[in-house]
Every structure is written in C-alpha cells, then in structure tokens.
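Chain by chain, the residues:
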Amino acid sequence: MSANPNFFPAANLALTGYSLFKGANDEAQMNRNQIQSNNLQLGYLDESKKRAQEAYQGMLDVAQDNFTNQFNEMGKESGMLWDSIDRTMSDTLDTSKFSNYAQFDSNLDTLSRQNRLKFKSGVENMQIQRERATGQAEEFLIGSNSTIDNQKKLLKLQNQQLKKNDSLWENLNPFG
C-alpha cells in the first residue's frame, strides 16, 4: 500500500499552521505576563514613592531635633556661664566692698558681650546645619521621585507596546 501523495504536504501544512498558532499564542501569553509583572512593579513604585516621602519627613524631623537639642545644650552652657559670672562678681564685690566696681562693671560688659556673641554665633551655625540637612533631604526626595517617575513612565510605555501584541490574532497578523 502506497502513501497518498498529498499526505506529506498536508501534514507539513498542518504542522506549520499549528506551529504558527502555538508560537503566536505563546508570544501573546508572554506579553500578557509581562504586562501583569509591569503592573505589579508600578504598584511597588507607588509604594516606594510613599516611603521616600516618609524618609524625607524623617530627615526633616531629625534636622529639627538636632537643632533643638543643640540649642538647649547651648542655652544650658550659657546659663552656667552666667551663673559663674554672677558668683564671681558677687564674691569679688563682697571682698572688695565696691572699691573696684568700675573694673567689675567693665569686665561684666566684656563677658556679657562675649557670651551673647558666642550664643548668637552658635545659633547661626546650627541654623546653617539645619538648612543644609533640609536641602539634602529635599535633594533626596527630588532624586527619588524623579527616578521613580522615570521608571513608571518606562513601564507604562512598555505596557503600551506589549498591548499591541497581547492576543493570538494580533501576533498572527504580519502587518501589525
């Protein structure tokens, strides 16, 4: 018994057709899976953006807490210096009975001016540190948001491209 001469071309055509359908369907499935993965990543990026905002606020809080703590410490140091000046002046005036009052008054003015300048300079330096920390926090937030936004744009663009070929029939069409 001989084989039908049309059998092999027909079988070949059937295998080719099956292969085309299978390949087109597999490609569509891969595209749908990638879209789903991209959508998950978009959700994670939204969460990352919230975390970046929380980190930014934390940086601002730390900068303010550092300023407040340093300010309080400087206030204590200044207060202790004033107490020391007061005790020294009182002790000296008690022993000298106002004989050198003009000299003490001049020394008190000098010490007062030095203490005020030291406190003012310290506060200015702390304000500069706080502003620097605030600027760094803002740079962090801007950089994080920019990176996240760019990643989101790329994923959305990729999804648009993948949606063009996410079905069997779109992948079978050779003209797109």
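Above this text is the structure in question.
No experiment lies behind these values; they were computed from the predicted model shown.

Parameters at a glance
- Residues numbered from 1 in each chain as written.
- Predicted model: local features only at pLDDT ≥ 70, side-chain atom pairs only at ≥ 80, totals over all residues.
- Heavy atoms only, no water.
- Helix = DSSP H or I, 4+ residues; strand = E, 2+ residues; numbered from the N terminus.
- Buried < 20%, exposed > 50% of the residue type's maximum accessible area, 1.4 Å probe, protein only.
- Contact = heavy atoms within 4.5 Å.
- Areas by Shrake-Rupley, 256 points an atom, 1.4 Å probe, with all protein chains shown as cover.
- Core = buried A, V, L, I, M, F, W, Y, C linked by side-chain atoms within 4.5 Å.
- Phe/Tyr/Trp six-rings, centres within 6.5 Å; stacked < 30°, edge-to-face > 60°.
- Lys NZ or Arg CZ within 6 Å of the ring centre and 35° of its normal.

Caption draft 1: Inspection of the overall build of the protein at higher detail. Across its full length, the protein holds three helices and zero strands. Ordered by position from N to C terminus, the α and β elements of the protein give α-α-α. Out of the 176 residues in the protein, the part that is buried amounts to 20%. At a minimum sequence separation of 6, the contacts of the protein that also span at least 24 residues come to 88%. Counting every atom, the protein has about 13000 Å² of accessible surface; 55% of that belongs to carbon and sulfur.

Caption draft 2: Geometry of the nonpolar core. Counting residues in each nonpolar core, the largest one holds five residues, listed as Ala-52, Tyr-56, Leu-60, Ala-137 and Leu-141. With three residues, helix α1 (residues 7–96) is the single largest residue contributor to this core. Each residue touching Tyr-56, except ones within four places of it in the same chain, is listed here: Ala-137, Glu-138, Phe-140 and Leu-141.

Caption draft 3: Quick look at the environment of Glu-138. Within the element layout of this structure, Glu-138 appears in helix α2 (residues 101–163). Each C-alpha atom of the pair Glu-138 and Gln-53 lies 9.9 Å from the other, and the pair is 85 residues apart in sequence.

Caption draft 4: Highlighting the environment of Lys-152. With respect to the helices, strands and loops of the structure, Lys-152 is situated in helix α2. Looking at Lys-152, the relative accessible area reads 16%, which means it is buried. Put simply, Lys-152 and Tyr-44 are 108 residues apart on the chain and 10.0 Å apart in space, counted from C-alpha to C-alpha. In contact with Lys-152, not counting residues within four places along its chain, are Leu-42, Leu-45 and Asp-46.

Caption draft 5: Fine view of the packing of aromatic side chains. A complete count under the given rule lists two aromatic pairs for this structure. Geometrically, the ring pair formed by Phe-67 and Phe-71 is stacked, given 6.1 Å between the ring centres and 20° between the ring planes. On the criterion of helical spacing, the pair formed by Phe-67 and Phe-71 is a turn pair, its members being four residues apart in helix α1. Here the guanidinium or amino end of Arg-130 rests over the ring plane of Phe-67, the centre of that ring lying 4.0 Å away.

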